[in-house]
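Geometric and topological summary
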Amino acid sequence: GRMGLFGRIHINNSVVVVGAIHKLGEGGDNNHESEIKKYIGGSKAVVAGDQHLSFCGKIGLRAIIPADQKGFTWPASCKTFGIGRGDNICSNMKEEVQEKTTKPCVSDLGFRVTVSDHAFTSVTLDPM
């Protein structure tokens, strides 16, 4: 695998597992699905990153999919969202606000700069 970073946060009396992933299992390596699923256990969870959509189900979560079923995120720039879905959010929590995709741009002092070749994705989830 390439990278997975996981932790637990406490919100009121709930524990939420949060994770960032990047191409686990690429090249036929172990993608650590069983270890991640065990770490999540019965907790609420959100895991996101540059990973195939099928990964969500393999770790016991569901994919958060935009209403238009596209949500293109790669290769993105200040001009385009790209032509493919390169990033996914996985969770077992209820969506309060649907996923939003934003071009990876920062505008400041009259300059417009692309800060990534992936668009930004965000969603509001209910941890209760």
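Residues numbered from 1 in each chain as written. Predicted model: local features only at pLDDT ≥ 70, side-chain atom pairs only at ≥ 80, totals over all residues. Heavy atoms only, no water.

**Regarding the pattern of salt bridges**
Taken as a whole and judged by the stated rule, the model has three salt bridges. The partner of E95 in a salt bridge is R62, and the shortest N-O contact between them spans 3.7 Å. Within this pair, whereas E95 is found in strand β6 (residues 94-102), its partner R62 is found in strand β4 (residues 62-64), the two being separated by 33 residues in sequence. The partly exposed category is assigned to E95, whose relative accessible area is 25%. The class for R62 is partly exposed, based on a relative accessible area of 37%. Close ionic contact of R85 with E99 constitutes a salt bridge, the shortest N to O distance being 2.9 Å. With R85 in the loop between β4 and β5 (88-91) and E99 in strand β6, the pair connects residues that are 14 residues apart, well separated along the chain. The exposure class of R85 is partly exposed, given its relative accessible area of 25%. (Salt bridge = Lys/Arg side-chain N within 4 Å of Asp/Glu carboxyl O. Helix = DSSP H or I, 4+ residues; strand = E, 2+ residues; numbered from the N terminus. Buried < 20%, exposed > 50% of the residue type's maximum accessible area, 1.4 Å probe, protein only.)

**Quick word on the state of the cysteines**
The tally for this structure, following the rule as stated, stands at two disulfides. Through a disulfide, C56 is tied to C90; the S-S separation comes to 2.0 Å. Since a negative S-S torsion denotes a left-handed disulfide, the C56-C90 link at about -70° is left-handed. Here C56 is found in helix α2 (residues 55-58), whereas its partner C90 is found in strand β5, with 34 residues between them in sequence. Residue class for C56 comes out buried when judged on its relative accessible area of 1%. Relative accessible area serves as the criterion here: at 2%, C90 is assigned to the buried category. Here C78 engages in a disulfide with C105; their sulfurs sit 2.1 Å apart. Here C105 lies in strand β7 (residues 105-108) and C78 lies in the loop between β4 and β5, a separation of 27 residues in the sequence. Judged by relative accessible area, which is 22%, C105 ranks as partly exposed. In the protein chain, the cysteines engaged in disulfides, taken in order along the sequence, are linked 1-3, 2-4. (Disulfide = S-S within 2.5 Å.)

**Thoughts on the sheet that holds strand β1 (residues 3-11)**
By way of backbone hydrogen bonds, the strands of a sheet pair with one another, either parallel or antiparallel. Spatially, five strands are ordered β1-β2-β3-β5-β4 in an open sheet, and the strand pairing comes out mixed. For this open sheet the edge positions go to β1 and β4, each flanked by a neighbour on one side alone. Neighbour-to-neighbour, the strand axes of this sheet turn through a mean angle of 25°, independent of strand direction. For β1 and strand β2 (residues 14-22), the ladder comprises nine bridges, and the chain directions are antiparallel. (Pairing = 2+ DSSP bridges. Axes fitted to C-alpha atoms, helices over the stretch in contact; angles between N-to-C directions.)

**What to know about the nonpolar core**
Core analysis: the biggest nonpolar cluster contains 12 residues, these being V17, I21, L24, I36, I40, A45, V47, F55, C56, I59, L61 and C90. Of all the secondary structure elements, the ones that give two or more residues to this core are β2, α1 (33-40), β3 (44-50) and α2. Aside from chain neighbours lying at most four places away, what touches C56 is L61, R62, A63, I89 and C90. Listed in part, the six residues of the second largest apolar core include V16, I64, M93 and L125. (Core = buried A, V, L, I, M, F, W, Y, C linked by side-chain atoms within 4.5 Å. Contact = heavy atoms within 4.5 Å.)

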